[in-house]
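If you want the building blocks of each chain, they are given just below.
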Amino acid sequence: MAKPDEKSFPLQFKDTHVPDFHEVKKVLLDGLKKNFMVASVDVITCPDLTQSPWDLASPGICGSPRIVDIGGVPYLMPVPNKSKLYNLAEVARLVDLPGAFIIGPGAGSSRVVGKNCEMIVNAKLAGDGGGSDNIKSWIAKLPDDNDRTKYVVESYQSLEGGPLMNLFASEGKQGMVLEVKVKSRTGPENFITCMRKQLASHYGDKPVAMGGVFLIAKGKANLHIMPDFSDKPLNTAEEINKWLTFHDMSAPLVCLCEFVSHDPDLDLRIEHTHCFSNHGDGGHYHYDTTPEEVEYHAILVLAEKIYRVDRPQETHQLGRD
Ligand SMILES: [Zn+2]
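The rules we used
- Residues numbered from 1 in each chain as written.
- Predicted model: local features only at pLDDT ≥ 70, side-chain atom pairs only at ≥ 80, totals over all residues.
- Heavy atoms only, no water.
- Donors = N, O, S within 2.8 Å, 3.2 Å for Na, K, Ca; no water.
- Buried < 20%, exposed > 50% of the residue type's maximum accessible area, 1.4 Å probe, protein only.
- Helix = DSSP H or I, 4+ residues; strand = E, 2+ residues; numbered from the N terminus.
- Expected span 1.5 Å × (residues − 1).
- Contact = heavy atoms within 4.5 Å.
- Polar contact = N/O pair within 3.5 Å; in protein donor to acceptor, adjacent residues only side chain to side chain.
- Salt bridge = Lys/Arg side-chain N within 4 Å of Asp/Glu carboxyl O.
- Pairing = 2+ DSSP bridges.
- Axes fitted to C-alpha atoms, helices over the stretch in contact; angles between N-to-C directions.

1. Focus: the coordination of the zinc ion
- Surrounding the zinc ion are the protein donor atoms His 272 (NE2), His 274 (NE2) and His 284 (ND1), at 2.0 to 2.1 Å.
- Residue His 272 is classed as buried on the basis of its relative accessible area, which comes to 3%.
- Overall, His 284 belongs to the buried group, its relative accessible area being 3%.

2. Overview of helix α1 (residues 21-35)
- For α1, spanning 15 residues, the distance from its first C-alpha to its last is 21 Å, which sits close to the expected 21 Å at 1.5 Å a residue.
- Those residues of α1 lying buried are Phe 21, Val 24, Val 27, Leu 28, Leu 29, Gly 31, Leu 32 and Asn 35.
- Buried residues along α1 sit against β2 (36-45), β11 (176-185), α4 (191-203), β12 (209-218) and β18 (295-303).
- For α1, the side-chain oxygen to backbone nitrogen distance between the N-cap and His 22 is 2.9 Å, and the N-cap itself is Asp 20.

3. Some points on unusual backbone geometry
- In this model, Ser 52 is joined to Pro 53 through a cis peptide bond whose omega is 5 degrees.
- Put simply, Met 77 and Pro 78 share a cis peptide bond, and its omega is 10 degrees.
- With respect to the element layout, Pro 78 can be found in the loop between β3 (66-71) and β4 (86-87).
- Of note, Asp 310 is a non-glycine position whose phi angle comes to about 55 degrees, a positive value.
- By secondary structure assignment, the location of Asp 310 is in the segment after β19 (305-309).
- A relative accessible area of 5% means that Asp 310 is categorised as buried.

4. Quick word on the pattern of salt bridges
- In the structure shown here, the tally under the stated rule is 15 salt bridges.
- Between Lys 197 and Glu 189 there is a salt bridge, with its nearest N and O atoms 3.0 Å apart.
- Glu 189 gets classed as partly exposed once you look at its relative accessible area, which sits at 21%.

5. Topic: α4
- The terminal C-alpha atoms of α4 lie 19 Å apart, and with 13 residues this matches the ideal 18 Å at 1.5 Å per residue to within 8%.
- Turning to α4, its buried residues number three or more, namely Phe 191, Ile 192, Thr 193, Cys 194, Met 195, Arg 196, Gln 198, Leu 199 and Tyr 203.
- For α4, the side-chain oxygen to backbone nitrogen distance between the N-cap and Ile 192 is 2.9 Å, and the N-cap itself is Asn 190.
- Within two residues after α4, Gly 204 carries a phi angle of roughly 60 degrees, on the positive side.

6. Considerations on the pairing of β12
- Counting buried residues along β12, 8 of its 10 residues qualify, which places the element largely inside the surrounding structure.
- Pairing analysis gives 8 bridges linking β12 to strand β15 (residues 253-260), with the strands arranged antiparallel. Within β15, the position partnered with Gly 211 by the bridge is Glu 258.
- In this sheet, β18 lies alongside β12 in antiparallel orientation, the contact comprising 9 bridges.

7. Let's talk about the side chain of Thr 193
- Its location among the elements puts Thr 193 in helix α4.
- At 2.7 Å, the side chain of Thr 193 and the side chain of Glu 271 are in polar contact.

8. Structural notes on the sheet that holds strand β13 (residues 220-225)
- Reading across the sheet, the 9 strands line up as β2-β11-β18-β12-β15-β16-β17-β13-β14 and stay open at both edges, with antiparallel pairing between neighbours. Edge positions in the sheet fall to β2 and β14 (245-250), since each of these pairs with one other strand and no more. For this sheet, the mean angle separating the axes of adjacent strands, direction not counted, is 30 degrees.
- Here β2 runs beside β11; their pairing, made up of 9 bridges, is antiparallel.

Next up, the structure:
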């Protein structure tokens, strides 16, 4: 429940289809083998994700796992709605997990940062039990919009983001997880799209949702960073791609992701990943650019629920890849 002084947002939620881990393991492996030379999927006990190379704010991604899809691209374009800002502590209470460990992609708060930017959420909230929040989030932004080749990725200690966030929340505990390792991409799909499409082809209209973290351990990847809000309305995919800035970034990249095999009529963004690093790279993941060399290592779980917060009334499909 929201506290009396907090904003409240329209909220919908749906249960997902949660297949047995060992079944999902087989399904994912079949798909990954079509897209990568080497692939393995195992059910393991979650490693301590606060340690290198993961550097997350909580040791695990287990306990009440849920997708939290907030706002949306329709609040960013054709013209931005700058009033759409969300505080993660409020969101956590809204989805009945006040002490949540929240990870994943979003837009940073233009109010806090001073301009539009990418946000990489990595925060364990104190919740109602006292103590303090452990915030290890990042933002990626252009220091100067006149030079579209330069970007900075920096620590971000605020819990505010918006106008869109596609998050994965859990109690942040260690438990059983799926470990996915692949090497050398031979197919056309990026790592996440490959798994999402495979789940969709096996489970049809039953929504299977996953979230977690993956490491791009070797190679390079194409990432975008949003510049400041566009002066002109962005009405087409071409206009959006001209506005975005794209960069070739280097491993190791820690990537926080969520994906859903089938949208159960919640107007979801069905796949979204943002990455950070300790060497100044980070942003929105599109695909690796070094297919032969690339290596991915993922720790994932199945989400049990999807929460839809402040769903736009007027929607469109632009800018969702
Ligand atoms: Zn993004």
